[in-house]
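Residue-level structure breakdown
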Amino acid sequence: MINAQPQVLLVTFASQGHINPSLQFAKTLINNGVHVTFMTASSTMHQFTKTSGPQGLSYAYFSDGNQSVFQLTGNINHYLSETKRHGTQSLREFLADQGSRFTSIVYCTLLPWVATVAREFNIPATLLWFQPASLLNIFYHYFKGYEEMITKNIDDPTFSVKMPGLPPLSRRDLPSFFTPPNPHVVPLQTFKEHVQVLDQQTNPRVLVNTFDLLEPEAIKAAENCYNLIGVGPLMPSAFSKECREMEWLSTKPERSVIYVSFGSLSTLEKSQMEEVAKGLLEAGRPFLWVIRENSGEENEALSTSQNELEKQGMIVAWCSQVEVLSHPSVGCFLTHCGWNSTFESLVSGVPMVTFPQWVDQGTNSKLVQDVWKTGVRLRENGEGIVEGCEIKRCLEMVMGGEEIRENAMKWKDLAKEAVQEGGSSYKNIEAFVQELTNNPS
Ligand SMILES: O=c1ccn([C@@H]2O[C@H](COP(=O)(O)OP(=O)(O)O[C@H]3O[C@H](CO)[C@@H](O)[C@H](O)[C@H]3O)[C@@H](O)[C@H]2O)c(=O)[nH]1
């Protein structure tokens, strides 16, 4: 008997750090014979419909009330609640019309309400989690007993908490919303809802952008509550494209360049930008620095050192990061430690200097420095600024660190193995698809 082709609705949050890995996951499902309908917020969706996707992929959108996450002026709380309000309504309408064809819904981080709507239509829903497995453990334990203890002790500078499957975590290693006042407060409520929605499932299964050997303790420790399935690394393979920065990188010696980027959302204060510039100039090495053109403030911050910076390095508004990281001239990544950037760096074997800003980035930094040992974390001064001399110190430590480099190469090889035929993530995805094929709607 020939089974009908499984149809998956993949619903993702409309930011770069979520769209990239979910498109990659879509590609993997399609390669396994699944048809994927890729759904994200209407304000972003027009960027996809201009080009036709590969066979097996179609697009849909939910309304986010015409806001754009890329033009946020700080109030992400409002963005998330409006997205939930409009999105719930428009997903209901979409499923009332087309829901019967879907075997399964895969919904991503920050969209727990999708699972609630899926339940109304009796469609099985699986979470695809875009932060390390460790973070899901932290949120689980926070909402299941640790909240009071953490809140009570968080202001004690010597405070550290030990949760199952995780190294001891100090204040700065915990998710940023546990440590108010933090200027970047994504509602903790959204993560609470994730845990609540998973509570409604028996033996909930979560697909995670990690791989088994990268976080064995965290995956094992979650066994009592969640079945965490490593399906990563989910990232585009480097593609060949002639562009200015790649040509520039090719003129530099092997492992000589510092790559600097703070992801697709966060921006640094003017004074902090100046310190980064100072640190790079003092380090005296070539650098490629991504400064997004979304506020104009950044350029102003750099105007005094612009000429000097351009003599030593290159500043771009955006680049193909995966391709840059796999270039042999790149020796180190000064990163905000968003999970995609962290994972892309690990997969490329590039050591890191970490400069976490919000959400999961402090914990990711902790894992990079103390568990995977592929980088060092910058320290702030008493006023919360990371000074140029600290940046220089850490860059030198990482650029010259033999042990860090060896560790980075080890993780690069293990990540490659995970997605190759027979590797852990390869097999986990195959098993997931097999289940869809056996249970078509
Ligand atoms: O010039 C650039 C800069 C970035 N990127 C890509 O943009 C993505 C950025 O993602 P990430 O590193 O995860 O950072 P954010 O955009 O800040 O991601 C948000 O979402 C992540 C996943 O949930 C969280 O881990 C982060 O903390 C959160 O800020 C990566 O794939 C990069 O390769 C480029 O392609 N070119």
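Residues numbered from 1 in each chain as written. Predicted model: local features only at pLDDT ≥ 70, side-chain atom pairs only at ≥ 80, totals over all residues. Heavy atoms only, no water.

Quick word on the site of the ligand
Put simply, the test is: Any residue with at least one heavy atom within 4 Å of a molecule or strand is counted as near it. Pairs of N or O atoms are called polar contacts if they sit within 3.5 Å, as long as, within protein, a hydrogen donor faces a hydrogen acceptor (for residues adjacent in sequence, only side-chain-to-side-chain pairs). Exposure was quantified through the Shrake-Rupley algorithm and a 1.4 Å probe, taking into account, for residues, occlusion by the shown protein chains and nothing else. The way it works is that DSSP assigns letters per residue, a run of H or I at least four long becomes a helix, a run of E at least two long becomes a strand, and they are numbered from the N terminus. Under the scheme applied, nonpolar residues are Ala, Val, Leu, Ile, Met, Phe, Trp, Tyr, Cys and Pro; charged residues are Asp, Glu, Lys and Arg; polar residues are all the others, including Gly. Bear in mind that the domain bounds are from an automatic or database domain assignment.
In the region of the ligand, 21 residues are neighbours, and Ser264, Cys319, Ser341, Glu344 and Asp360 sit closest. Contact distances for the ligand include 3.0 Å between an oxygen atom and a side-chain N or O atom of Asn20. Trp339 places a polar main-chain atom, nitrogen or oxygen, 2.8 Å from an oxygen atom of the ligand. Within the complex, the protein chains bury 96% of what would otherwise be the 690 Å² of accessible surface of the ligand. For the shell around the ligand, the secondary structure elements donating two or more residues are α1 (16-31) and α13 (339-348). Partitioning the shell around the ligand into residue classes produces six nonpolar, 13 polar and two charged. Here the shell around the ligand gathers at least three residues from each of two domains, domain 1 (7-236 + 421-438) and domain 2 (244-415).

Overview of the sheet that holds strand β15 (residues 375-377)
For clarity, the threshold we go by: DSSP bridges decide pairing: two strands pair if at least two such bridges lie between them. The angle between two axes is taken between their N-to-C directions and runs from 0 to 180 degrees, where each axis is a line fitted to C-alpha atoms and a helix contributes only its stretch in contact. In what follows, residue pairs with any heavy atoms lying within 4.5 Å of each other are defined as contacts.
The strand order across the open sheet formed by six strands is β12-β11-β10-β13-β14-β15, and the pairing between neighbours is parallel. The open sheet terminates on both sides in strands that have one partner only, identified here as β12 (314-316) and β15. On average, each strand axis in the sheet is tilted by 15° relative to the strand beside it, whichever way the strands run. Of the pairings in the sheet, the one linking strand β14 (residues 352-354) to β15 comprises three bridges and is parallel in character. What sits directly across from Thr354, in β15, is Arg377. The strands touched by helix α15 (residues 388-399) within the sheet are β10 (257-261), β13 (330-335), β14 and β15, with β15 carrying the most contacts at an inclination of about 165°.

Topic: the sheet that holds strand β5 (residues 125-129)
As summarised here, the arrangement of the seven strands in space is β3-β2-β1-β4-β5-β8-β9, forming an open sheet in which the pairing is parallel. Across the chains shown, the open sheet's two edge strands, defined by having one partner strand only, are β3 (57-62) and β9 (227-230). Here the strands of the sheet are splayed against their neighbours by 25° on average, with no regard to which way each runs. In the sheet, β5 pairs with strand β8 (residues 205-208) via three bridges, with the strands oriented parallel.

Looking at the side chain of Asn209
Among the structural elements, Asn209 can be located in the loop between β8 and α7 (216-221). A polar contact is formed between the side chain of Asn209 and the backbone nitrogen of Leu234, at a distance of 2.9 Å. If near-sequence neighbours (up to four positions away) are discounted, Asn209 is found in contact with Pro21, Trp129, Phe130, Gly232, Pro233, Leu234, Trp339, Asn340 and Phe343.

A short note on the packing of aromatic side chains
In this description, an aromatic ring pair is defined by two values, namely the gap between the centres and the angle between the planes. Worth spelling out the cut-off: For Phe, Tyr and Trp, rings pair up if their centres lie within 6.5 Å, where Trp contributes its six-membered ring, and each pair is then called stacked (planes under 30 degrees apart), edge-to-face (over 60) or tilted (otherwise). Residue burial is assigned from relative accessible area. The probe radius is 1.4 Å, only protein chains are included, and a residue is buried under 20% of its type maximum, exposed over 50%, and partly exposed in between.
All chains considered together, the criterion is met by 21 aromatic pairs. Here Trp339 and Phe343 contribute two aromatic rings whose centre-to-centre distance is 4.8 Å and whose plane-to-plane angle is 25°, an arrangement assigned as stacked. Of this pair, Trp339 and Phe343 both sit in helix α13, four residues apart, roughly one helical turn. Taking relative accessible area as the criterion, Trp339 reaches 2% and is therefore assigned buried. One aromatic cluster in this structure is built from Trp129, Phe139, Tyr142, Phe143, Phe177, Phe178 and Phe191.

Examining the domain arrangement of the protein chain
Inclusion rule: As a working definition, buried area equals the accessible area (1.4 Å probe) given up by two parts on being put together, with both sides summed. The term salt bridge refers to a pairing of a side-chain nitrogen on Lys or Arg with a carboxyl oxygen on Asp or Glu at a separation within 4 Å.
Here the protein chain is partitioned into domain 1 (7-236 + 421-438) and domain 2 (244-415). Put simply, the middle of domain 1 and the middle of domain 2, counted by C-alpha atoms, are 26 Å apart. Opposite the 34 residues of domain 1 that make contact, domain 2 presents 28 residues. Taking both partners together, domain 1 and domain 2 bury about 2700 Å²; carbon and sulfur atoms supply 66% of that area. At the boundary of domain 1 with domain 2, the tally comes to two salt bridges. Close ionic contact of Asp173 with Arg377 constitutes a salt bridge, the shortest N to O distance being 3.4 Å. The interface formed by domain 1 and domain 2 holds seven residue pairs in polar contact (both at pLDDT 80 or more) in total. Only α1 and α5 (133-153) provide two or more residues apiece to the side of domain 1 that touches domain 2. Within the side of domain 1 that touches domain 2, the residues separate by chemical class into 21 nonpolar, 10 polar and three charged.

Structural notes on the packing of α5 against helix α6 (residues 188-199)
Put simply, the test is: By the definition adopted for this analysis, an angle is roughly parallel if under 35 degrees, roughly antiparallel if over 145, roughly perpendicular if from 65 to 115, and oblique otherwise.
Two numbers describe how α5 lies on α6: the axes approach to 10 Å, and their chain directions differ by 85°. Between α5 and α6, the interaxial angle falls into the category roughly perpendicular. For the pair formed by α5 and α6, the contact residues are Phe139, Tyr140, Tyr142, Phe143 and Lys144 on the first element and Leu188, Phe191, Lys192, Val195 and Asp199 on the second. Counted by class, the contact of α5 with α6 contains seven nonpolar, no polar and three charged residues.

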